[in-house]
Amino acid sequence: MSDCPQGRSKCEMALRVNGERIVVRAYPMDRLLDVLRGELGLTGTKEGCGEGECGACSVLLDGTLVNSCLIPVLQAQDAEIRTIEGLRSDSRFQELQEAFLELGAAQCGICTPGMLLAAFHLLTKKPQPTIEEIREGLAGNLCRCTGYQQIVEAVAEAAWRGTAV
Amino acid sequence: MKNGDIIGTPVSRKEGRSKITGQARYVDDMALPGMLYGATVRSGIPRGKINRITFGPGIDWHEFAIVTARDIPGKNCISLIEDDQPCLADGTVNHPEEPILLLAHRDRGLLSQAVRAVSVEYDPLPAIFTLEESERLSEIIWGSDNTFKTILIEKGDVDRVWEQADHIVEGEYRTGAQEQLYIETQGAIAAFDTDGRLTVWGSLQCPYYVHHALKKLCGMPADQVRVVQMETGGAFGGKEEYPSMIAAHAALLALKSGKPVKIIYDRMEDMAATTKRHPSRTRHRTAVAKDGKILGGEIEFTIDGGAYETLSPVVLSRGAIHAAGPYYWPSVRVRAKAVATNAPPHGAFRGFGAPQSLFGLERHMDRIAEVLGLSPIEIRRRNFLQPGQTMTTGQRVEEEIDLGKLLDKAVELSDYQAKKQKFTGENQGQDCRKGIGIAAFLHGAGFTGAGERHLGSVAGLEVTAEGTPRVLVSSTEFGQGTETVLCQIAAEALGLKYEDVGFAQPDTAVVPNSGPTVASRTVMVVGRLLEWAARDIRRKLTSCGLLGEGYSPEEFRTACRAYAAEHGPLRSLAQYQPPDDLVWDEENYRGAAYAAYAWAVYVAQVTVDLATYSVSVDDFVALQEVGRVVNPVLAKGQILGGVAQAIGFTLFEKVIWEKGRMQNSQMTNYIMPTSADLPPIRVYFEELANDYGAHGAKGIGELPMDGPAPAILNAVQDALGVPFDSIPLLPEDISEALSAGAAKRSLTSPAKVGP
C-alpha cells in the first residue's frame, strides 16, 4: 500500500492494468475511471452517468464486473484491472466483438465497450446462458439505441459459436 | 453497371470496428495541449432580473477565465429560427437553467467548487409553468402573447358536419416531456489558432447549425470558423440544436483564456439543462356517421416550448400535419399552437411532434370505436386513406399504399383476434389482466413543406489521390448508420464495392452543407444527391475516354488517377432540386407536406398486474412500409431502438418538474428501460418504391417513435376496460384511477367492444 495519510494530496499508487504493472500519481479517492482515461489514456472505457447506473464505464476488477466510476483508485491497488483495450487478444472476446458487429449490436458505440465487458463477464460465468439470463445479465448496462434485442442476439450467437468451436 | 448486391444487403458498419474495439474517438477522448475545462453558472430561478453577481471567498479567481455576456464579440444569441435565445443571460433570466456566466480552469475539481462559489442575486418575477398558465396570459413572458407559432390547417367545411353526424366523439390526450438520454452527454472543445481562426470539435448532429451560430456569436466570417463532428454517442434530436450552445460557451472561454477549452456536461447538468421532447395536449372533436366513417373533425394541438423558441415552430408543424394520421377526413380543422413557459427550451426529439399528436389520434380512434360499438380494427379500416384521396393539407396520396392490407397483416402476425377473444374470456377475476392494442400511423420523410427547397442541400463525392472515392456530406453518424448506408448508396451508384468507398469526417472545412441530420431525411434526400454526384463522376471519366461501360474497381481507380493527373482532383457536388410536383404553400398550409410517407401498423400486447399496478409489454409487432430497405440489419436496429425508446416514453420516463426545473435529472430516478424490461419486438418491413428517394428509400429513423404509445395504452384499456389518455402511464396513475369508484365499476363490466 502507498503512503497517503490524509488522502488530500496526490501520491503514487501501483496498479495492474491489462497485465502490466503501472505506477500512477493520483488522489486516492480519484475515480478509477478518470485514472484509466486521463492518466493512462485508456479511453475505451466510457463515462455515461457517473453514478453507477449505466455501465458504460464497466471494467473487470479481479474478474468481477464493476462500474469504474464508483471505484476509488485506492481500492483498485493490487487488483488485476482489465479494460476493453486489454481484451483485444482474447479469442472469446473477439468472438463477441465479431457477433456485435455482424448482428447490429453496436449503434452509436458509446455503451459498446461496457456492454462487451458485461457480456464477456456473463459468458465467463455462464457459457450457455438462456435468452432470459442474457437479458438479466446485461440489465446493468444501459443502451439507448438498440432496444437491446440485437445485443442479446449477438451474445447468444457468440455463446453458440463458443461451444461450436 | 449496377452490382445490385449492395442495396438491401446487411453490410457491416463502416465505423463498426472502431466502436467494438473502443478505439472510436468521442469528444471527451480528445485533449489538446494546455487545454482548460469549462463550466457553466446557471440561474436557479425560473424568471427574474439579475441584480448582482458575487464571487465568493476561498477561490483564487485570478486563476480562472471568467466570461459574461459582455465578453461576446458578436450578437448574444444562439441563432436558429429566431435569435431570441441568449448565449448568456444579460440582465434577465427566463428559466431555471439559463446560463449566466462561464468559468474555465485547468483543474476540473476546482472548477466545480468555483461554480458553487458564484452567487447571483435577483429580483424574482412571476413565472408560468403549464400550457394553461401560458394560455391564460396572466404573465407575458415571450413576445406579446406567449405564442411562438400558430398553425391553421383547414380542409372542407367542418362547421357543417356536426348536424349530419350520428355521433360526436370528444377526447383530450396528453404527453409528457421526455429526455433523449443519449449515453454520451453533450460536449465540445473549442480552440483558436494563431491566426484567430476558431475550431470546435463536438458531439453533434448538425455541423452547419453550430457553424451558423458561432459565426453570429463571434462576428466572424464563414471561413474563420470550423466545426468538426467527433464520434457521437447517441443524439435522437437532443444534439440537433443544443450543441450550438455548448460550442458557443467553449468558444467564448477559449477566446477569453487564449487556450483550448473543453466542456463536458455531467449527467445531471445534461438532463436538467438541455432540450427534451415537448409536452403536449391534443383535443379531438369528431363527427362520425353510424357506419364508422369520419365526417369531419376539429383537432387542437398545443405544445409547451419552454422559455425560448428554438425549434418549436417546426416541431409544431410536423405535429399538426401528422395529427390526422393515416385517415381520410372529408373535412377537418387543425389548430396548433406552441406556447412559452419558464422551463428550459424543449426541442428536437425523434418524431418531432408526431409522436405527440399521433398519440392523441390513435387513442381517440379507439374511443370512437368504443362509442360506435366497432372493433379498433374496423374503425381504422373504414377510415384509411386510399390512393388518390387527399390528406388534410390537400396532398394527394400518390403511392399505391394499401393500408387495409397492412392492417390485415399486422392482425395476422400478432394473432390479434384470437388473443383478444382469449383475454376477454380469461381476464375476469384475474390478478393479472391481459390486453392487446393497435395503432396505425404514418411518418413524413424529410423536412416539412418547403423545408428541403429552402435548405438546398449539397452533397458530393471526391476521389482521393489514391483513386479511392469518399462521401462528402455534413450528414453525421450517431448510431443510425449514416456512414454505412451512404457508402452503400454511393458504391452502388459508382458501380463499385461497398468496401471501396470511404466517408469523410464531417468537418465544415472539408464537406459541403448537406443539411442537418434530422427528420428521417438522410437516406432519402442526401442519398439521392449522392446518386447524382456518382453519376456525374462516371460521366466525367467516360466522357474523356478513361472508363468504359463495364469496369473493375482497379480499372476505376486507374481511371481516377489518370483523370487527376490531367485535370486535377476529381470531385462532384450535387444540389437538391425540388421536384416540380412537390409544391407547398406555407401561408395556407396547403400542398405537399412531405415528399414521401412511411406507413405502419403496430400491435402491443400487455399484462397489467393488479397487485403492483405495473404494465409489462409481453409482445410487440412492428409492421411498416418504408420504401426500399438499404441495410436490413441497420433498418431493423432503427425500429427496435425506436420502439424501445417509445416504450420508455409510454411506461417509464417521467420528468418531475418543480417550478420549471427537472427534479429527477439522474439515471437513478429518471428510469429508462433495461434489457430486462423489454419484450421481444418483432419487426417486419414492406417495401414499396419511392420515386423521390435514393434507390426508392424513404426515411425510417423517427417512425418507430410514433406508434407504440397509443398501441400500448389501447392495450391497457383492453385489459382493464378503463381508458388512460395521458403518458407516461406509471403504476401510481393506474392505482389512482382504479381506486376511483367509477373506474372500479367499469373494471367489473368492461367497455363494450364488438367485432
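Definitions and cut-offs
Residues numbered from 1 in each chain as written. Chains lettered and ligands numbered in written order. Predicted model: local features only at pLDDT ≥ 70, side-chain atom pairs only at ≥ 80, totals over all residues. Heavy atoms only, no water. Helix = DSSP H or I, 4+ residues; strand = E, 2+ residues; numbered from the N terminus. Rg over C-alpha atoms; globule rule 2.2 N^0.38 Å. Buried < 20%, exposed > 50% of the residue type's maximum accessible area, 1.4 Å probe, protein only. Contact = heavy atoms within 4.5 Å. Lys, Arg positive; Asp, Glu negative; His and termini not counted. Charge placed at Lys NZ, Arg CZ, Asp CG, Glu CD. Disulfide = S-S within 2.5 Å. Pairing = 2+ DSSP bridges. Axes fitted to C-alpha atoms, helices over the stretch in contact; angles between N-to-C directions. Core = buried A, V, L, I, M, F, W, Y, C linked by side-chain atoms within 4.5 Å. Buried area = accessible area lost by both parts, 1.4 Å probe. Salt bridge = Lys/Arg side-chain N within 4 Å of Asp/Glu carboxyl O. Polar contact = N/O pair within 3.5 Å; in protein donor to acceptor, adjacent residues only side chain to side chain.

Regarding the overall build of chain B
- A count of helices and strands for chain B gives 19 helices and 28 strands.
- Relative to the compact-globule value of 27 Å for 755 residues, chain B shows a C-alpha radius of gyration of 27 Å, a close match.
- Its C-alpha atoms give chain B principal-axis dimensions of roughly 75 × 75 × 50 Å.
- Here chain B holds 755 residues, and the buried ones make up 64% of them.
- Relative to all contacts within chain B whose residues are 6 or more apart in sequence, the contacts with residues 24 or more apart total 82%.
- Once the 77 positive and 94 negative side-chain charges of chain B are each reduced to a mean point, those two points are 1 Å apart.

Details of the state of the cysteines
Residue and element names in this part refer to chain B.
- This structure, assessed with the given rule, holds zero disulfides over all chains.
- Left without a disulfide partner, Cys 218 is nearest to the cysteine sulfur of Cys 87, which lies 8.5 Å away.
- Looking at Cys 218, the relative accessible area reads 8%, which means it is buried.
- Left without a disulfide partner, Cys 560 is nearest to the cysteine sulfur of Cys 544, which lies 9.9 Å away.

Focus on the sheet that holds strand β12 (residues 261-264) of chain B
All names here are of chain B.
- The strand order across the open sheet formed by seven strands is β3-β5-β1-β12-β9-β10-β11, and the pairing between neighbours is mixed. Strands at the two margins of the open sheet, each flanked by one partner only, are β3 (65-67) and β11 (225-229). This sheet shows a mean twist of 20 degrees between the axes of neighbouring strands, independent of strand direction.
- Strand direction decides the pairing type here: β3 and strand β5 (residues 99-105), joined by three bridges, are antiparallel. Within β5, the residue paired with Ile 66 across the bridge is Leu 103.
- In the packing of helix α5 (residues 242-257) onto the sheet, contacts are made with β1 (36-42), β3, β5, β9 (187-192), β10 (198-202) and β12, and the angle to β9 comes to roughly 35 degrees.

Things to note about the sheet that holds strand β13 (residues 280-288) of chain B
Residue and element names in this part refer to chain B.
- If you walk across this open sheet you meet the six strands as β7-β15-β14-β13-β8-β28, and the pairing is mixed. Among the strands making up the open sheet, the edge pair consists of β7 (147-155) and β28 (726-727).
- Sheet analysis places strand β8 (residues 167-175) next to β28, joined by two bridges and oriented parallel. Residue Arg 174 lies in a different strand from β28, and its bridge partner there is Ser 726.
- Across the sheet, helix α7 (residues 312-322) is in contact with β7, β14 (294-304) and β15 (332-339); its angle to β7 comes to roughly 25 degrees.

Notes on the nonpolar core
- Counting residues in hydrophobic clusters, the biggest one holds 180 residues, and the most contacted among them are Phe 100 and Val 155 of chain A together with Ile 712 and Leu 720 of chain B.
- In terms of residues, this core owes the most to one element, strand β23 (residues 596-609) of chain B, which gives 10 residues.
- Judged by nonpolar contacts, the second largest core, of 45 residues, contains Val 11, Ala 491, Tyr 498 and Leu 529 of chain B.

Side note on the environment of Val 66 of chain A
Residues and elements named next belong to chain A.
- You can see Val 66 is positioned in strand β4 (residues 64-67).
- Sequence-wise, Val 66 and Gly 140 are 74 residues apart; in three dimensions their C-alpha atoms are separated by 10 Å.
- Apart from residues no more than four positions distant in its own chain, Val 66 is found in contact with Cys 57, Ser 58, Val 59, Leu 61 and Ile 71.

Notes on the environment of Tyr 328 of chain B
Residue and element names in this part refer to chain B.
- Mapped onto the secondary structure, Tyr 328 falls in the loop between α7 and β15.
- Residue classification places Tyr 328 among the partly exposed residues on the basis of a relative accessible area of 28%.
- As for Tyr 328 and Asp 159, which are separated by 169 residues in sequence, their C-alpha atoms are 17 Å apart.

Some points on the interface of chain B and chain A
- With 52 residues of chain B in contact, the opposing surface of chain A contributes 43 residues.
- Note on chain B versus chain A: buried area summed over both sides is about 3700 Å², and carbon and sulfur give 53% of it.
- Contact with chain A buries area across many residues of chain B, yet Ile 20, Ile 183 and Ser 675 of chain B alone supply 20% of it, more than any other trio.
- In this structure, the connection of chain B to chain A is made through six salt bridges.
- Put simply, chain B and chain A have 23 residue pairs in polar contact (both at pLDDT 80 or more) between them.
- Looking at the side of chain B that touches chain A, the elements that each hand over two or more residues are α1 (16-20) and α16 (632-651) of chain B.

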